[in-house]
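Residue-level structural notes
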Amino acid sequence: MAPVLRAYLARMDSEHPEQALDLLVPDFQFLIALPGREARGTSRDDFAAYIAGRAAVDRVHEVLRATADGDLETVYGVVTESGRTVGSFLSAAAVTPDGHLARYQSFFTTTFDLVDRPA
């Protein structure tokens, strides 16, 4: 099975992030921890509302490390906005046998890097 998290991030970084919804089960659960706030939900509709509320910026999630173990995928990387690195993230997802995200947890920080940023 192809890595679902990489496909999800690519869609979230595209001009049409709503296409990421195609990769989610209907009862998708998520927690996205951002500096000073958390976004949570228990459905694909909740995630659609999260996407609709995101600021439109030139954002890219650059994956530096990735692994999969059974039904769990994890990625670590940096986020750039308009070409400038603004922070790092560590994300994990439970993936269904047919390649959809069932649960997603992501932590984003602007103050700590687990792995050295690329030069």
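Here's a quick rundown of the structure. Fair warning: this is a prediction, and the values are worked out from it, not measured in the lab.

What counts, and at which threshold
Residues numbered from 1 in each chain as written. Predicted model: local features only at pLDDT ≥ 70, side-chain atom pairs only at ≥ 80, totals over all residues. Heavy atoms only, no water. Pairing = 2+ DSSP bridges. Helix = DSSP H or I, 4+ residues; strand = E, 2+ residues; numbered from the N terminus. Axes fitted to C-alpha atoms, helices over the stretch in contact; angles between N-to-C directions. Contact = heavy atoms within 4.5 Å. Patch = residues over 30% accessible without salt bridge, like charges linked within 9 Å, V, L, I, M, F, W, Y side chains within 5 Å. Areas by Shrake-Rupley, 256 points an atom, 1.4 Å probe, with all protein chains shown as cover. Salt bridge = Lys/Arg side-chain N within 4 Å of Asp/Glu carboxyl O. Buried < 20%, exposed > 50% of the residue type's maximum accessible area, 1.4 Å probe, protein only.

Before going further, it helps to spend a moment on the sheet that holds strand β5 (residues 84-95). Strands sit in the order β2-β1-β6-β5-β4-β3 across an open sheet of six strands; the sheet is mixed. Two strands in the sheet have a free side with no partner beyond their single neighbour: β2 (37-41) and β3 (59-69). Averaged over all adjacent pairs, the angle separating strand axes in this sheet is 15°, with direction ignored. Sheet topology note: the strand β1 (residues 24-34)/β2 ladder contains five bridges and is antiparallel. Bridge pairing in β2 places Leu-31 opposite Arg-40. Contacts from helix α1 (residues 4-13) reach β3, β4 (72-81), β5 and β6 (101-109) within the one sheet, and its direction differs from that of β3 by about 170°.

Once that is clear, we can look at a nonpolar patch on the surface. Taken together, the side chains of Leu-90, Phe-112 and Leu-114 define a hydrophobic patch exposed on the protein surface, amounting to about 320 Å² of accessible area. Residue Leu-90 is classed as partly exposed on the basis of its relative accessible area of 41%.

Attention now goes to the pattern of salt bridges. Taken as a whole, this structure holds two salt bridges when the rule is applied. Where Arg-40 meets Glu-38, a salt bridge forms, and the shortest distance between an N and an O atom there is 3.0 Å. Exposure remark for Arg-40: the relative accessible area of 59% places this residue in the exposed category. Across the pair Arg-59 and Glu-81 runs a salt bridge whose closest N-O atoms are separated by 3.3 Å. On the criterion of sequence distance, the pair formed by Arg-59 in strand β3 and Glu-81 in strand β4 is long-range, its members being 22 residues apart. Judged by relative accessible area, which is 27%, Glu-81 ranks as partly exposed.

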